[in-house]
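An overview of the molecular structure
As a plain string of letters, each chain reads:
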Amino acid sequence: YKYVHMPSHKYIKPETLTPWASIAFHPLDGILQASPYLIMMPFVPCHYLTHVFMVFFTAIWATYIHDSMDFNIDPIMGSKYHTVHHTHYIYNYGQIFIFCDWFWGTLKVPDGPTGVPVKRKGV
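Calculation rules
- Residues numbered from 1 in each chain as written.
- Predicted model: local features only at pLDDT ≥ 70, side-chain atom pairs only at ≥ 80, totals over all residues.
- Heavy atoms only, no water.
- Phe/Tyr/Trp six-rings, centres within 6.5 Å; stacked < 30°, edge-to-face > 60°.
- Helix = DSSP H or I, 4+ residues; strand = E, 2+ residues; numbered from the N terminus.
- Core = buried A, V, L, I, M, F, W, Y, C linked by side-chain atoms within 4.5 Å.
- Buried < 20%, exposed > 50% of the residue type's maximum accessible area, 1.4 Å probe, protein only.
- Contact = heavy atoms within 4.5 Å.

What follows deals with the packing of aromatic side chains. Under the criterion given, the structure shown has 4 aromatic pairs. Each ring, one from Phe99 and one from Trp102, has its centre 5.7 Å from the other, and the planes form 40°; the classification is tilted. Of this pair, Phe99 and Trp102 both sit in helix 4 (residues 99-104), 3 residues apart, roughly one helical turn. Arranged with centres 5.0 Å apart and planes meeting at 90°, the rings of Phe103 and Trp104 form a pair that is edge-to-face.

Next up, the structure:
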């Protein structure tokens with residue numbers, strides 16, 4: 001964890017947690033996070049295009065959760081939840097959904113704004 005996943009946590013402020021942070025990780029971390037898709041293929045067979053869609057959707061989701069926007073669509077783990085993961089490290093590990101974090105007691109529901117404040121002209 002310390003050498004493989006922790007380097008991605010250098011993006012701990014909403015100003016630095018951008019969609020680019022979704023691809024700023026150790027290569028071994030990326031392989032480990034993608035491995036469940038390959039490991040489960042013999043046990044949960046699916047059409048090739050379904051598999052491609054799931055990998056593509058995961059890439060889009062990873063970009064979405066790293067944009068520091070205060071927006072969530074429960075039960076999908078959104079950027080508010082993932083910003084908490086980047087700032088506290090011990091919460092919100094889930095992939096796509098918040099159910100596993102709720103089940104294992106690692107869910108921390110954001111209690112306020114976590115993203116970059118919107119500055120409006122003339123206000």
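In terms of nonpolar packing, the biggest core is built from 6 residues, these being Trp61, Ile65, Met77, Tyr81, Ile96 and Ile98. Not counting residues within four places of it along the chain, the set of residues in contact with Tyr81 comprises Asn72, Asp74, Ile76, Asn92, Ile98, Leu107, Lys108, Val109 and Pro110.

Among the 10 residues of helix 3 (residues 79-88), 8 are classified as buried, and the element is accordingly described as predominantly covered. Buried residues of helix 3: Ser79, Lys80, Tyr81, His82, Thr83, Val84, His85 and His86, and no others. Lining the buried residues of helix 3 we find helix 2 (48-65).

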